[in-house]
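As a plain string of letters, each chain reads:
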Amino acid sequence: MADDAKPDADTLQVLRDLANRLRIHSIRATSACSSGHPTSCCSAAEILAVLFFHTMRYKPADPEHPDNDRFVLSKGHAAPLLYAAWAEVGDVSESELLNLRKIDCDLEGHPTPRLPFVDVATGSLGQGLGAACGMAYTGKRFDKASYRVFCLLGDGEASEGSVWEALAFASHHGLDNLVAVFDVNRLGQSGPAPLGHCTDIYRQRCEAFGWNTYVVDGHDVEALCHAFWQAAQVKSKPTAVVAKTFKGRGIPKVEDAENWHGKPMPKERADAIIRLIESQIQTNKNLIPKPPIEDSPQISIKNIRMTSLIDYKVGDEIATQKAYGLALAKLGHTNKRVIVLDGDTKDFTFSEIFKKEHPERFIECFIAEQNMVSVALGCATRGRTIPFVSTFAAFLTRAFDQIRMGAISQTNINLIGAHCGVTIGEDEPSQMALEDLAMFRSIPNCTVFYPSDAVSTEHAVYLAANNKGMCFIRTSPSETAVIYTPQENFEIGQAKVVRHSVNDKVTVIGAGLTLHEALAAADDLSEQDISIRVIDPFTIKPLDAATIIANAKATGGRVITVEDHYREGGIGEAVCAAVSGEPDIFVHQLAVSGIPRSGKPRELLDVFGISARHIIAAVKYTLTN
């Protein structure tokens, strides 16, 4: 360990030279494409040189190896520096660096998992540390392995509240395998960062959050080596390294100067700058990264099957929220890599059932939804876990940017939104998710489940666990009758026609509680000799357009959608999009309009026009118009 604590003079010189080579690569690449952030790269060059060629243990030829140390570039705009490090490792060619930001090159403006050495997409600032927390938590608690996690943040992004959510999480959970490096280069995008070079304030804040903290000269490779060695000796606490640096380090008249963020060196200046930096390089040596300690368990998260038959009976009354909790606990017995994260809502989301049966795989994230989603993204990397994230659906709107970045990360996480719609009743509109379907429908490669009873909820949980890509499951607190038998089969993108006859005049599509309102309306209408068809879409995305169109045509092209959601972006608009190419299908939408208020669930259903009574009126209106 003495070698790690105090490298010899030759090693230190090679690290200095590597840092300058990283600068040259970054300047050359950004100049070639006439865009990018070379000054942000230059401030962190020594940090990456020390991490990649002295501190971190990994297999250069196998970037995704489960035992490798992890690195997260939270300040994603410094991507050319990361690519330069992997060029020096040998995984990226120098010629490829010159294709930075081109349409046919995976070296994008900010890192994405198109590259094997990138675990999560970054670039929307303030999110990398939360993902690093998830990786560290997985390594410490689930893998029980030796790999460590390093996250590089910019000082500008330290203004993001999500950074401090992550700091609180890591401290609370004692993630001593996590190191956060703050690149305090003083300058943000449009001007100085709020604390400038006041590194002692960063130290005090990190220590107040329970982090072991060191302040170093970020351009002193020996000081960095020692700080990272010290971090490895600390137990039960994460470590923050506050590194004072200068933006544009090594570039005359640009170093520590304002108005150079996101500006490449002009081609006429780049060559001279590169020659100047080259003149400071004393060796042409490289350092071979140390191999990882291979002690992660072999796991499998594929082909998860139900371990027992669903034991609900038709007519049983149970809320889909509770059915979710019961299904999740059962899933936990099926695969030991199923984990659950919750934001202090486990008594409402019923994830407490999972916690009771699998306490070692339950992560309490408290009221910090942005960080909770980021932690889940980190837990899911390299296929180490199957995360389920649960909270009130309304509160997931806070984490929309993290969810959006999760899609760019090509993640496989499952988000469960409970307590949705006006039918939560007296809790008033701040708690009523009425935008969640629109939000998740807009996310690429996201499957949106909206189960309507306990049986379909359990199927949604198992399907989500096996599905590639992000999933959202919408659940409700109101007890509703089980309408499907245990033998019913469910598939993503396959709707259920739950009531039909040859005499049907209108097709009504509802989900969750409104499906039951539609069935109640059908019963009342049948007594008036009006027959309607009722469809449960099961997944709102992908929507079963073929089933909807076929049944719409069978009922004279008359369709009514009813949903406990705002009109914009919900079931009605999904159906309208699905039938838009069919000239003879008319869709009448029933949805919540305006901002709701507190009241009894049944009162609110009626006041906002989505109860059985309103469905009956809409059917009659459709038939007469």
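Residues numbered from 1 in each chain as written. Predicted model: local features only at pLDDT ≥ 70, side-chain atom pairs only at ≥ 80, totals over all residues. Heavy atoms only, no water.

For the chain, an unreviewed UniProt entry supplies the name transketolase and the organism Phyllostomus discolor. Listed under Subunit (unreviewed entry) in UniProt, the entry text for the chain is "Homodimer." According to the UniProt record, the Sequence similarities (unreviewed entry) comment for the chain is "Belongs to the transketolase family." (UniProt positions renumbered as here; feature names shortened; annotations may be inferred.)

Whenever I open this one, the pairing of strand 18 (residues 558–566) confuses me. Can you help?
Strand residues, when the strand is regular, have side chains that alternate between the two faces of the sheet. Summarising burial for strand 18: eight of the nine residues are buried, a large majority. When strand 15 (residues 506–510) meets strand 18, the two strands line up parallel, connected through four bridges. By the bridge assignment, T507 is partnered in strand 18 with V559. Note: strand 18 against strand 19 (residues 586–592), six bridges, orientation parallel. Considered in strand 19, the bridge of I560 is made with H588. After leaving strand 18, the chain enters helix 21 (residues 571–578) and then returns to the sheet as strand 19, a path that is right-handed. (Buried < 20%, exposed > 50% of the residue type's maximum accessible area, 1.4 Å probe, protein only. Helix = DSSP H or I, 4+ residues; strand = E, 2+ residues; numbered from the N terminus. Pairing = 2+ DSSP bridges. Right-handed = clockwise from strand over helix to strand, strands pointing away.)

Which parts of the structure should I look at to understand the UniProt feature "domain: Transketolase-like pyrimidine-binding" (unreviewed entry) in the chain?
Within the UniProt annotation, "domain: Transketolase-like pyrimidine-binding" (unreviewed entry) is assigned to residues 318–482. This span, residues 318–482, is 39% helix and 21% strand, and a straight line between its end C-alpha atoms measures 7 Å.

Which parts of the structure should I look at to understand the packing of aromatic side chains?
Centre-to-centre distance and the angle between the planes together describe a pair of aromatic rings. As enumerated under the stated definition, the model contains 17 aromatic pairs in all. Note on F52 and F71: the rings are 5.3 Å apart at their centroids and 70 degrees apart in plane angle, and the pair reads as edge-to-face. On the criterion of sequence distance, the pair formed by F52 in helix 4 (residues 45–55) and F71 in strand 1 (residues 70–73) is long-range, its members being 19 residues apart. Just as F52 is buried, F71 falls in that class too. Seen from the ring of Y137, R141 lies directly overhead, with NZ or CZ sitting 5.2 Å from the centre. Residue placement shows R398 over the ring face of F395; its charged tip is 5.0 Å from the ring centre. (Phe/Tyr/Trp six-rings, centres within 6.5 Å; stacked < 30°, edge-to-face > 60°. Lys NZ or Arg CZ within 6 Å of the ring centre and 35° of its normal.)

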